[in-house]
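Tertiary structure, described
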Amino acid sequence: MEITVVDHPLAAARLTIMRDARTGNDGFRAALADLGAMLVYEASRDLPLESFEVATPVDVAVGHRLANPPIIIPIIRAGLGMIDPALSMIPDAQVGFIGLARDEETHRPVPYLEALPEDLSDRRVFLVDPMLATGGSLLHALRLLADRGARDVTAVCMVSAQPGVDALAGSGLAARLVTATIDPALDEDAYIVPGLGDAGDRLYGPRNIDL
Ligand code: PRP
Ligand code: URA
């Protein structure tokens, strides 16, 4: 499995703001948006281009655009915070949605929404979620995408835990991973240690719906 850990001073500084327990919802959202753009930028490094002629005020230059923009698929809720930064980098991308929430007892993902194109076989997919903990949510989402024919998926996660990375690597599911860090462990509630807490709550406040 191809793993890219983005090692950049600006990414490290935004991640630190997100980790800091004193950062409020507004500061967390802003730092997540900045880091999201940086990770999507890195995930886009090898996207194929097509060229065309563009008239400058002086002459004609060779211009470039994405040949086949990826589809951005956030895992709701926390992945919602990564849509705008992803679209700021790739304005012509389409967006699909997967809704999952971890059961607090079992830590298994409970699906509640799937709004995706039927056929993803010719699409490059950026699956975005700030957190990769046990890997249950990401693996569930990857299976949904595989069922729709997706063969080229890049998971963009901000904080990945080693157990989740190991689960992804051992799953046999083909996906690249772009992340800002791989943290060593999970606690007894399957939160990432040291992590940043509950990303959805830190973005939006407590979730008060029964699934
Ligand atoms: C978080 C996170 C991931 C998942 C990671 O979502 O955004 O989707 O947990 O954990 P896992 O790797 O152990 O599956 P959560 O289920 O808390 O829902 P939320 O985004 O609605 O808060
Ligand atoms: N989901 C989160 O939001 N944070 C964790 O640490 C683990 C799962």
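Looking up the chain in an unreviewed UniProt entry gives the name Uracil phosphoribosyltransferase, with the organism given as Corynebacterium sphenisci DSM 44792. According to UniProt, the comment filed for the chain under the heading Pathway (unreviewed entry) is "Pyrimidine metabolism; UMP biosynthesis via salvage pathway; UMP from uracil: step 1/1."

**Structural notes on the pattern of salt bridges**
Evaluation of the coordinates by the stated rule reveals 13 salt bridges. Residue arginine 14 pairs with aspartate 34 through a salt bridge whose shortest N-O separation is 2.8 Å. Here arginine 14, found in helix H1 (residues 9-19), pairs with aspartate 34, found in helix H2 (residues 25-43); they are 20 residues apart in sequence, far enough to count as distant. Classification of arginine 14 by relative accessible area gives partly exposed; the value is 24%. Take aspartate 34: its relative accessible area is 33%, and that puts it in the partly exposed class. Note that aspartate 201 is salt-bridged to arginine 77, the shortest N-O span being 2.8 Å. Of this pair, aspartate 201 sits in helix H6 (residues 199-204) while arginine 77 sits in the loop between strand E4 (71-76) and helix H3 (83-89); the two residues are 124 residues apart in sequence, bridging distant segments of the chain. Connected via shared salt-bridge partners are Glu2, Asp46, Arg124, Asp152 and Arg176.

**Observations regarding a negative patch on the surface**
On the surface, Glu104, Glu105, Glu188 and Asp189 cluster together to form a negatively charged patch. Within the element layout of this structure, glutamate 105 appears in the loop between strand E6 (97-102) and strand E7 (109-115). Judged by relative accessible area, which is 69%, glutamate 105 ranks as exposed.

**Here's the deal with H1**
For an α-helix, the turn length of 3.6 residues means that residues three or four places apart are oriented alike. Among the residues making up H1, those that are buried are Ala11, Leu15 and Met18. The buried residues of H1 occupy an angular sector of 55° when the element is viewed end-on, so they sit on one face. Buried residues in H1 make contact with H2, strand E10 (152-161), strand E11 (176-183) and H6.

**What about the site of ligand 2?**
All residues in the neighbourhood of ligand 2 are listed as Arg102, Met131, Ala133, Ala190, Tyr191, Ile192, Gly197, Asp198 and Ala199. At 2.8 Å from an oxygen atom of ligand 2 is found a main-chain nitrogen or oxygen belonging to isoleucine 192. Within the backbone of glycine 197, one N or O atom sits 2.7 Å away from a nitrogen atom of ligand 2. Notes on ligand 2: free accessible area 240 Å², of which the protein chains cover 89%. Of the residues that constitute the shell around ligand 2, the class distribution is six nonpolar, one polar and two charged.

**A few points about the UniProt feature "binding site: uracil" (unreviewed entry) in the chain**
According to UniProt, the "binding site: uracil" (unreviewed entry) feature falls on Ile192, Gly197, Asp198 and Ala199. Position of isoleucine 192 relative to the elements: it lies in strand E13 (residues 192-193). Judged by its relative accessible area of 7%, isoleucine 192 is buried. Setting aside residues no more than four positions away along its own chain, isoleucine 192 makes contact with Met131, Leu132, Ala133, Val159, Ala161, Asp183, Ala185 and Leu186. One can find glycine 197 in the loop between E13 and H6. Beyond its immediate sequence surroundings of up to four residues, glycine 197 is in contact with Met131 and Tyr191.

**Details of the site of ligand 1**
Near ligand 1 you find 17 residues, and of these Arg102, Asp129, Ala133, Thr134 and Ser137 are the closest. Between ligand 1 and arginine 102, the relevant distance is 2.7 Å, taken from an oxygen atom to a main-chain nitrogen or oxygen of the residue. Between ligand 1 and the protein, one listed contact pairs an oxygen atom with a side-chain N or O atom of serine 137 at 2.6 Å. In the complex, 95% of the free accessible area of ligand 1, which totals 500 Å², lies under the protein chains. Tallying contributions element by element places E6 first for the shell around ligand 1, with three residues. For the shell around ligand 1, the residue count by class is seven nonpolar, five polar and five charged.

**Let's talk about the environment of valine 40**
Along the chain, the position of valine 40 falls in helix H2. Valine 40 sits in the buried class, given a relative accessible area of 1%. When the C-alpha atoms of valine 40 and histidine 8 are compared, they prove to be 14 Å apart, with 32 residues separating the residues in sequence. In this structure, valine 40 is in contact with Ala86, Met89, Ile90, Phe126 and Val156, ignoring residues within four places of it in sequence.

Conventions adopted
- Residues numbered from 1 in each chain as written.
- Chains lettered and ligands numbered in written order.
- Predicted model: local features only at pLDDT ≥ 70, side-chain atom pairs only at ≥ 80, totals over all residues.
- Heavy atoms only, no water.
- UniProt positions renumbered as here; feature names shortened; annotations may be inferred.
- Salt bridge = Lys/Arg side-chain N within 4 Å of Asp/Glu carboxyl O.
- Helix = DSSP H or I, 4+ residues; strand = E, 2+ residues; numbered from the N terminus.
- Buried < 20%, exposed > 50% of the residue type's maximum accessible area, 1.4 Å probe, protein only.
- Patch = residues over 30% accessible without salt bridge, like charges linked within 9 Å, V, L, I, M, F, W, Y side chains within 5 Å.
- Areas by Shrake-Rupley, 256 points an atom, 1.4 Å probe, with all protein chains shown as cover.
- Lys, Arg positive; Asp, Glu negative; His and termini not counted.
- Charge placed at Lys NZ, Arg CZ, Asp CG, Glu CD.
- Arc of directions from axis to C-beta.
- Contact = heavy atoms within 4.5 Å.
- Near = heavy atom within 4 Å.
- Polar contact = N/O pair within 3.5 Å; in protein donor to acceptor, adjacent residues only side chain to side chain.
- Nonpolar A, V, L, I, M, F, W, Y, C, P; charged D, E, K, R; others polar.

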